[in-house]
Each structure stands twice: as C-alpha cells, then as structure tokens.
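Examination of the molecular architecture
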Amino acid sequence: VQLVESGGGSVQPGGSLRLSCAASGFTFSSFGMNWYRQAPGKEREWVAYIRNDGGITNYADAVKGRFTISRDNAKNTVYLQMNNLKPEDTAVYYCATLQTWGKGTQVTVSS
C-alpha cells in the first residue's frame, strides 16, 4: 500500500487549496479513505472520510461546510477541496487507509 499526497502550499485566509492523494498497491475502489491533519504541537486529528463508492462522506465539525472530500476510482485518487481556509487549518495533511499513512503535505494559512 502506498499513499502519496500533493497539493499543499501557502495561502492567505479565505483562500482555497485542493489536496490530492494518489493510491497504489491495493484495490482502491474497495476501501474507504480518510484525511487527517496534524498541526504543530498538536495531536493528529481526523478531518474527513469517504466511502469506497463515494456514496457517504463525513467531516469533522471544524471543517464542515468548508472542506469537501471526493474520489476518482478510475484514477485511484482521493481529493480534499479546502475553501475559506483559516489560520487554524495550518497543518500537515495526510491521507490514510488500511492502517497506512502517506508522508503528508504541508498547508499553511497566513496573512
């Protein structure tokens, strides 16, 4: 199992970013996917989940209404669209499934 995140960067408050996670080494379309994040000095926290077929999504309260998780099973990729970003969204973002994590991508929100 391999997960590779990309799409992070630095944005101003109110800006947007779209994260991607390319998966390989397993039957991607059979498994739900998660996004987590870890801010400096804080524990890793769950952000969003999507079922294997994309039919169910769940979000942490802190991101509900601003973030959207989606997936493309033909491309073995899961996405996290992040809108109206806030400084408290600054963190390393990870995708995860099957007890496997990617290396993460840094998101920094600052004016």
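Predicted model only: the values in this text are computed from it and were never measured.

Quick look at the overall build of the protein chain now. Looking only at helices and strands, one finds zero helices and 11 strands in the protein chain. Overall, the protein chain shows an N-to-C arrangement of helices and strands of β-β-β-β-β-β-β-β-β-β-β. Referenced to the eigenvectors of the C-alpha coordinate spread, the extents of the protein chain come out at roughly 40 × 25 × 20 Å. In the protein chain, buried positions account for 41% of the 111 residues. Long-range pairs, those at least 24 residues apart, make up 50% of the contacts in the protein chain between residues at least 6 apart in sequence. Element-wise, carbon and sulfur atoms account for 44% of the exposed surface of the protein chain, whose accessible area totals about 5800 Å². Averaging the coordinates of the 11 positive side-chain charges in the protein chain and doing the same for the 8 negative ones gives two points 3 Å apart.

This brings us to unusual backbone geometry. For N84, which is not a glycine, the phi torsion comes out positive at approximately 50°. When you line up the elements, N84 lands in the loop between β8 (77-82) and β9 (91-97). For N84, a relative accessible area of 41% translates into the label partly exposed. In the Ramachandran plot, Q99 falls in the positive-phi region, its phi being about 60° despite a non-glycine side chain.

What follows concerns the packing of aromatic side chains. All told, the structure shown has four aromatic pairs when counted by the stated rule. Look at F26 and F28: their rings are 6.2 Å apart centre to centre, the planes differ by 55°, and that puts the pair in the tilted class. Taken individually, F26 and F28 each receive the classification buried, so the pair is uniform in this respect. A relative accessible area of 14% means that F26 is categorised as buried. Of the aromatic side chains, those joined through ring pairs into one cluster are F26, F28 and F31. The positively charged end of R44 is found above the aromatic ring belonging to W101, 4.3 Å away from the centroid. For the cation-ring pair, R71 lies above F28, with the distance from its terminal atom to the ring centre recorded as 4.2 Å.

Let us look at the state of the cysteines. Considering all chains together, one arrives at one disulfide under this definition. Between C21 and C95 runs a disulfide, and the two sulfur atoms are separated by 1.9 Å. Taking the sign of the torsion about the S-S bond as the criterion, the disulfide between C21 and C95, at about 50°, is right-handed. Of this pair, C21 sits in strand β3 (residues 17-24) while C95 is found in strand β9, placing the two residues 74 residues apart along the sequence.

So, how was this worked out
- Residues numbered from 1 in each chain as written.
- Predicted model: local features only at pLDDT ≥ 70, side-chain atom pairs only at ≥ 80, totals over all residues.
- Heavy atoms only, no water.
- Helix = DSSP H or I, 4+ residues; strand = E, 2+ residues; numbered from the N terminus.
- Buried < 20%, exposed > 50% of the residue type's maximum accessible area, 1.4 Å probe, protein only.
- Contact = heavy atoms within 4.5 Å.
- Areas by Shrake-Rupley, 256 points an atom, 1.4 Å probe, with all protein chains shown as cover.
- Lys, Arg positive; Asp, Glu negative; His and termini not counted.
- Charge placed at Lys NZ, Arg CZ, Asp CG, Glu CD.
- Phe/Tyr/Trp six-rings, centres within 6.5 Å; stacked < 30°, edge-to-face > 60°.
- Lys NZ or Arg CZ within 6 Å of the ring centre and 35° of its normal.
- Disulfide = S-S within 2.5 Å.

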